[in-house]
Amino acid sequence: MNKPLIPPSTMTHTTTPHNNDVLCGRGGTINAHPGNEQYRKFVERKKRVYLTARFKREKRLIASSIVDEVRNLDPAGRFLTKDPHSDVWYDVGDEKARDKTSQALRENALSV
């Protein structure tokens, strides 16, 4: 049974991300955010199985499982991007979160 994807949302916004949120973007402050550190651990735990998966569908399910893991934390983790004009963080939705996760799973693939 497929659950509906969370769409990108300007309704889900915050000025202060919490510790389970994954911040999208670049830079030291984003990398050091507790939610991003936790997210990288989730990614590392599934990287080997992702890289050895033979089918695209398998890889997508692995990436989706990490997104689900973040979203099912308490409090629920969100994948947030910052609006540069307002300094407000918005949820990017499940599709972009899965794309971000797939990229993270491919990074440094030779070292696995």
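In this report, the structure presented in the accompanying data block is examined. (Residues numbered from 1 in each chain as written. Predicted model: local features only at pLDDT ≥ 70, side-chain atom pairs only at ≥ 80, totals over all residues. Heavy atoms only, no water.)

1. Some words on the side chain of Arg78
Logical step 1: Assignment of secondary structure puts Arg78 in the loop between α3 (56–71) and β3 (79–83).
Logical step 2: A polar contact is formed between the side chain of Arg78 and the side chain of Asp21, at a distance of 2.6 Å. (Helix = DSSP H or I, 4+ residues; strand = E, 2+ residues; numbered from the N terminus. Polar contact = N/O pair within 3.5 Å; in protein donor to acceptor, adjacent residues only side chain to side chain.)

2. Digging into the side chain of Lys47
Logical step 1: Turning to its location among the elements, Lys47 is positioned in helix α2 (residues 34–52).
Logical step 2: Owing to a relative accessible area of 4%, Lys47 belongs among the buried residues under this scheme.
Logical step 3: Here the side chain of Lys47 touches Glu44 through a polar contact of 3.3 Å, side chain to side chain. (Buried < 20%, exposed > 50% of the residue type's maximum accessible area, 1.4 Å probe, protein only.)

3. Brief notes about the packing of aromatic side chains
Logical step 1: In the structure shown here, the tally under the stated rule is one aromatic pair.
Logical step 2: With 5.8 Å between their ring centres and 85° between their planes, Tyr39 and Phe79 make a pair best called edge-to-face. Separated by 40 residues along the polypeptide, Tyr39 in helix α2 and Phe79 in strand β3 bring together distant segments of the chain.
Logical step 3: If you follow Lys59 out to its NZ or CZ, it ends over the ring of Tyr50, 5.0 Å from the centre. (Phe/Tyr/Trp six-rings, centres within 6.5 Å; stacked < 30°, edge-to-face > 60°. Lys NZ or Arg CZ within 6 Å of the ring centre and 35° of its normal.)

4. Some points on α2
Logical step 1: Over its 19 residues, α2 extends 29 Å from the first C-alpha to the last, a length consistent with the 27 Å expected when each residue adds 1.5 Å.
Logical step 2: Of all the bends in α2, the largest measures some 50° and sits at Lys46.
Logical step 3: Along α2, the residues classified as buried are Gly35, Asn36, Tyr39, Phe42, Val43, Lys47 and Tyr50.
Logical step 4: The elements touched by buried residues of α2 are β2 (22–23), α1 (28–31), α3, β3 and α4 (94–106). (Expected span 1.5 Å × (residues − 1). Bend = angle between axes of the 7 residues up to and from the residue. Contact = heavy atoms within 4.5 Å.)

5. Some details on the packing of α2 against α4
Logical step 1: At a minimum axis distance of 8 Å, the contact between α2 and α4 shows a crossing angle of 70°. By the angle class used here, α2 and α4 are roughly perpendicular. Crossing geometry of α2 relative to α4 is assigned as right-handed. Taken together, the residues of α4 that come into contact with α2 (itself represented by Tyr39, Val43, Lys46, Lys47, Tyr50 and Leu51) are Lys100, Thr101, Ser102, Ala104, Leu105 and Arg106. (Axes fitted to C-alpha atoms, helices over the stretch in contact; angles between N-to-C directions. Parallel < 35°, antiparallel > 145°, perpendicular 65-115°, else oblique. Left-handed = near helix turned anticlockwise from the far one by under 90°.)

6. Notes on the pattern of salt bridges
Logical step 1: Overall, the coordinates contain six salt bridges when judged by the stated rule.
Logical step 2: As a salt-bridge pair, Asp21 and Arg78 come within 2.6 Å of each other at their nearest N and O atoms. With Asp21 in the loop between β1 (9–14) and β2 and Arg78 in the loop between α3 and β3, this pair connects stretches of sequence that are 57 residues apart.
Logical step 3: A relative accessible area of 0% means that Asp21 is categorised as buried.
Logical step 4: We note a salt bridge from Asp91 to Arg71, for which the minimum N-O separation is 2.8 Å. Taken together, the residues Asp91 in strand β4 (residues 88–91) and Arg71 in helix α3 connect sequence positions 20 residues apart. Residues Asp91 and Arg71 agree in their burial class; the two are buried.
Logical step 5: Each of the salt bridges in this network shares a partner with another, and the network as a whole consists of Arg71, Asp91 and Asp94. (Salt bridge = Lys/Arg side-chain N within 4 Å of Asp/Glu carboxyl O.)

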